[in-house]
Amino acid sequence: MPTIIHARYTLRDGVPVDDLAITVAGESIVDAGTFSELVARYPGADRVGGDDFILVPGFTNAHDHGRAVGTLALGVADTFLELWLDHLAYLPGIPPYLAALYSGLQLLGSGVTAVAHSHNPGSWSELPDEIPEALRGYADAGIRVAMHPPIVDQNQLVYAERELFLDMLPPELRRRAGGAHAGDFSADDYFALLDDLYENYHDSQRHRAHIQASPAGGQWCGDALIIRACEWARERRTRVQMHMLETRYQRIYAQKTWGVSFIRHLEDIGALGDWLTLAHMVWIEDEDIELLAERGVGVAHNISSNLRLRSGIAPIAMLAAAGVPVGIGLDGQTLDDDQDFLREMRLAWTIGNQGGMAAADLSAETVWRMGTGLAAEITFGADAPLGELAIGGLADLAMLEVAAIRSRWAPANYPPRELLSAFLLRRGRREHVRHVMVGGEWVLRDREHLNVDLRDVEREIWERLEFAARDLPPRLEAYLRKFYRGWDDGQSPMPRR
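Cut-offs used in this document
Sequence order as written defines residue numbering, which begins from 1 separately in each chain. The predicted nature of this model means local features are confined to residues of pLDDT at least 70 and side-chain atom pairs, given and counted, to a pLDDT of 80 or more, with totals for whole chains, interfaces and linings taken over all residues. Only hydrogens and water are set aside when side-chain values are computed; all heavy atoms of the structure are taken into account. Helix numbers and strand numbers start at the N terminus; a helix is a DSSP run of H or I with at least 4 residues, a strand a run of E with at least 2. Radius of gyration: over C-alpha atoms. The globule rule applied is 2.2 Å multiplied by the number of residues raised to the 0.38 power. Categorising residues by exposure relies on relative accessible area from a 1.4 Å probe, with only protein chains included: less than 20% of the type maximum marks a residue as buried, more than 50% marks it as exposed, and the intermediate range marks it as partly exposed. Contacts are assigned to residue pairs that have any heavy atoms within 4.5 Å of one another. Each accessible area is a Shrake-Rupley estimate made with a 1.4 Å probe; only the visible protein chains count as cover when residues are assessed. Neither His nor the chain termini are counted; the positive set is Lys and Arg, and the negative set is Asp and Glu. The atom standing in for a charge is NZ when the residue is Lys, CZ when it is Arg, CG when it is Asp and CD when it is Glu. Within the patch definition used here, like charges are joined within 9 Å and nonpolar side chains (Val, Leu, Ile, Met, Phe, Trp, Tyr) within 5 Å, considering only residues with over 30% relative accessible area and no salt bridge. We count a salt bridge whenever a side-chain nitrogen from Lys or Arg sits within 4 Å of a carboxyl oxygen from Asp or Glu. Nine residue types can take part in a nonpolar core, namely buried Ala, Val, Leu, Ile, Met, Phe, Trp, Tyr and Cys, and a core is a set of them joined through side-chain atoms within 4.5 Å. Put simply, the grid is 1 Å and covers the protein atoms alone, a cavity is a trapped set of points that fit a 1.4 Å probe, a pocket is an open set with protein on both sides within 12 Å along at least five of seven lines, and lining residues have an atom within 4 Å of a point. Grid points are joined across faces, edges and corners, and a volume is the space filled by probe spheres set on the points. In this classification, Asp, Glu, Lys and Arg are treated as charged, Ala, Val, Leu, Ile, Met, Phe, Trp, Tyr, Cys and Pro as nonpolar, and every other residue, Gly included, as polar. Note on pairing: DSSP must find at least two bridges between two strands before they are called paired. Angles here are taken between N-to-C directions and fall from 0 to 180 degrees, while the axes themselves are lines fitted to C-alpha atoms, restricted in helices to the stretch in contact. Each Phe, Tyr or Trp ring (for Trp, its six-membered ring) is paired with any other whose centre lies within 6.5 Å, and the angle between the two planes then decides the class: stacked below 30 degrees, edge-to-face above 60, tilted in between. Should the NZ of a Lys or the CZ of an Arg lie within 6 Å of a ring centre and within 35 degrees of the ring normal, that charge is described as sitting over the ring.

A. Representation of the overall build of the chain. Check the secondary structure of the chain and you find 20 helices and 19 strands. Computed over C-alpha atoms, the radius of gyration of the chain comes to 23 Å, within 12% of the 23 Å expected from 2.2 N^0.38 for 497 residues, which places it in the range of a compact globule. Across its three principal axes, the chain shows a C-alpha extent of roughly 75 × 55 × 45 Å. The 497 residues of the chain split such that 57% are buried. Across the chain, contacts joining residues at least 24 apart in sequence account for 75% of those joining residues at least 6 apart. Only carbon and sulfur atoms are counted for the fraction: they give 49% of the accessible area of the chain, which is about 19,800 Å². Looking at the chain, you have 48 positive and 71 negative side-chain charges, and the mean spots of the two groups are 5 Å apart.

B. Expanded view of helix α2 (residues 81–88). Of all the 8 residues making up α2, 7 are buried; the element is thus mostly covered by neighbouring parts of the structure. For α2, the complete set of buried residues consists of Leu81, Glu82, Leu83, Trp84, Asp86, His87 and Leu88. Contacts made by the buried residues of α2 are with α6 (171–177), α9 (248–258) and α20 (477–488).

C. Broad picture of the environment of proline 150. Along the polypeptide, proline 150 turns up in strand β9 (residues 150–151). Residue classification places proline 150 among the buried positions, given a relative accessible area of 6%. Taking C-alpha positions, proline 150 is 5.8 Å from proline 215, a pair spaced 65 residues apart along the chain. Among all residues touching proline 150, those that are not within four sequence positions of it are His119, Pro121, Trp124, Leu127, Tyr190 and Ser214.

D. Here's a closer look at a negative patch on the surface. A cluster of acidic residues, Asp19, Glu37, Asp51 and Asp52, forms a negative patch at the surface. Summarising the element assignment, aspartate 19 is placed in the loop between β2 (15–18) and β3 (21–25).

E. Structural detail: the nonpolar core. One finds Ile263, Leu292 and Trp368 to be the most contacted residues of the largest nonpolar core, which totals 136 residues. It is helix α3 (residues 96–108) that provides the largest number of residues to this core, a total of 9 residues. Among residues more than four places away in sequence, those in contact with leucine 292 are Ile263, Leu278, Met281, Ile284, Val297, Val299, Leu319 and Val324. Judged by nonpolar contacts, the second largest core, of 16 residues, contains Ile22, Leu397, Met399 and Met437.

F. Inspection of the environment of glutamine 339 at higher detail. Here glutamine 339 lies in the loop between β15 (326–328) and α14 (341–352). In this structure glutamine 339 comes out as buried when scored by relative accessible area, which is 8%. Considering only alpha carbons, one finds glutamine 339 and leucine 164, 175 residues apart in sequence, at a separation of 39 Å. Those residues in contact with glutamine 339 that sit more than four places away from it in its chain are Asp64, Gln106, Leu107, Ser110, Leu330, Gly332, Gln333, Thr334 and Arg430.

G. Summary view of empty space enclosed by the protein. Taken as a whole and assessed by the stated rule, the structure comprises 2 cavities of 30 Å³ or more. Of the pockets and cavities examined, the largest cavity occupies roughly 40 Å³. Leu245, Arg251, Ala254, Gln255, Val260, Ser261, Phe262, Trp283, Ile284 and Glu285 together form the lining of the largest cavity. Broken down by element, the lining of the largest cavity gets its largest block of residues, 3 residues, from α9. Reported here for the second largest cavity is a volume of approximately 30 Å³. Lining the second largest cavity are Gly58, Phe59, Thr60, Thr113, Ala114, Leu386, Gly387 and Asp396. Among the secondary structure elements, those contributing two or more residues to the lining of the second largest cavity are β6 (59–64) and β7 (112–118). Of the residues that constitute the lining of the second largest cavity, the class distribution is 3 nonpolar, 4 polar and 1 charged.

H. Focus on the sheet that holds strand β10 (residues 209–211). The strand order β6-β7-β8-β10 describes an open sheet built from 4 strands, whose pairing is parallel. The two strands at the open ends of the sheet, each matched to only one other strand, are β6 and β10. Across this sheet, the average inter-strand angle for adjacent strands is 10°, counted without regard to direction. As defined by bridge partners, β6 adjoins β7 across 4 bridges and the pair is classed as parallel. Across the sheet, residue threonine 60 finds its bridge partner in β7, namely alanine 114.

I. Layout of the packing of aromatic side chains. Inspection of every chain in the model, using the stated rule, returns 18 aromatic pairs. Between phenylalanine 59 and tryptophan 368 the ring centres are 5.5 Å apart and the planes differ by 75°, which places this aromatic pair in the edge-to-face class. Placement of the pair is phenylalanine 59 in strand β6 and tryptophan 368 in helix α15 (residues 364–371), with a sequence separation of 309 residues. What makes tryptophan 368 buried here is its relative accessible area of 1%. Judged by centre distance (6.0 Å) and plane angle (40°), the ring pair of tyrosine 253 and phenylalanine 262 falls under tilted. One aromatic cluster is present, built from ring pairs that chain together Tyr159, Phe165, Trp220, Tyr249, Tyr253, Trp258, Phe262, Phe483, Tyr484 and Trp487. Here the basic side chain of arginine 136 rests over the ring of tyrosine 97, its NZ or CZ set 3.9 Å away from the ring centre. Its guanidinium or amino end placed over the ring of tyrosine 249, arginine 248 lies 5.8 Å from that ring's centre, counting from NZ or CZ.

J. Quick look at unusual backbone geometry. The phi torsion at glutamine 339 lies on the positive side, around 55°, for a residue other than glycine. Not every positive phi belongs to a glycine, and arginine 447 is a case in point at roughly 70°.

Below you can see the structure in the form of structure tokens.
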């Protein structure tokens, strides 16, 4: 039985349209038109919606880690990334299935129907078991996932000059720091794992799960590993996602190592292409932006995380103006620790419009596409029919409450385009998400998940965490600060725009 879904406004191509309804049958959108037209064509169809709603494409979270619980709640305070990562190694563990299940439920409640999951191994040796469990968690939540099993093969302790850093440490810390590595998980092990995951889980038809390569970051992976990851992904028509230029010290690392920018080095080794998405990109050189656009490289923008970890502000207005496809990601580090995707879009829009009359403008429509069509493109590929309410596309959507967003002070006949910029992006929050559909199936109705009890999952996670208390070893923070402060010497200040 088809379903007609209708609303006061429907977002299409980033613009609200009056009285545009859609018909869903199976997993797809099979028709579109006015509500009265669709009722005439499908007289026996179910009907969901009304003038109280805005109908929008499901959001795609273009970069996340699926930790379930924010790091602040687990005792890791916000600080510089290089210091924060050392603390992160001692987080209490949550089983991968539970973490992914709860993360998926949180995201659905925010209108997110697809996520790029950059996996954090509880144990490198257990990675082959952890990834299927995380995939199962997202599947049970009912959310799409692009899965990124990670690999590193260098610089886990500091980005470079390891021996210099070790010499700074007292003996008890030197012994601990000297063992920082990824165990015996070799590149051959990694690509064998990718092959197995791709064979068993990659879904290029229904796009429920994609398996993608993920060299964790340019400073943590050697050239040979990055090249091999790109070749593996291109041969299978899938993608690569990696962290890139999140902090100024990563930018300095590139200059120290190759004497050129990170992006120019990736171009030199043949790693740039439309199969690649780079997360963060705060410290990109202005002259490299056109190169990204020419190569079709995607960027996953994580404004909350970049602010919380004191990394800076990525120039997304410049990237968008140059034609670089940018998607918005939550990174599991939203400003309020609530995985609120509408608030993340608002923050990206507000801060993305930088000062100065010569600054590039970032429109509400562009930001909306960064959360929907563009985010889906850089996460699942341009061929995946996601991120738009178009005939033939997969039926992923959310229904938002009009009245709660518009408030009593807006005229009822507010022009649709202004509704988007003045109200939807400025005021929308996760509590305004009422219903969510993924692949033609309702997963949230009246804010309640239809298949999983969120409270039961929260209770189980809490019980697991209560038994996870342990003494932490001495931390390296003071020495890491001193080490990277040395990198600042002789470097000109590089404030973001």
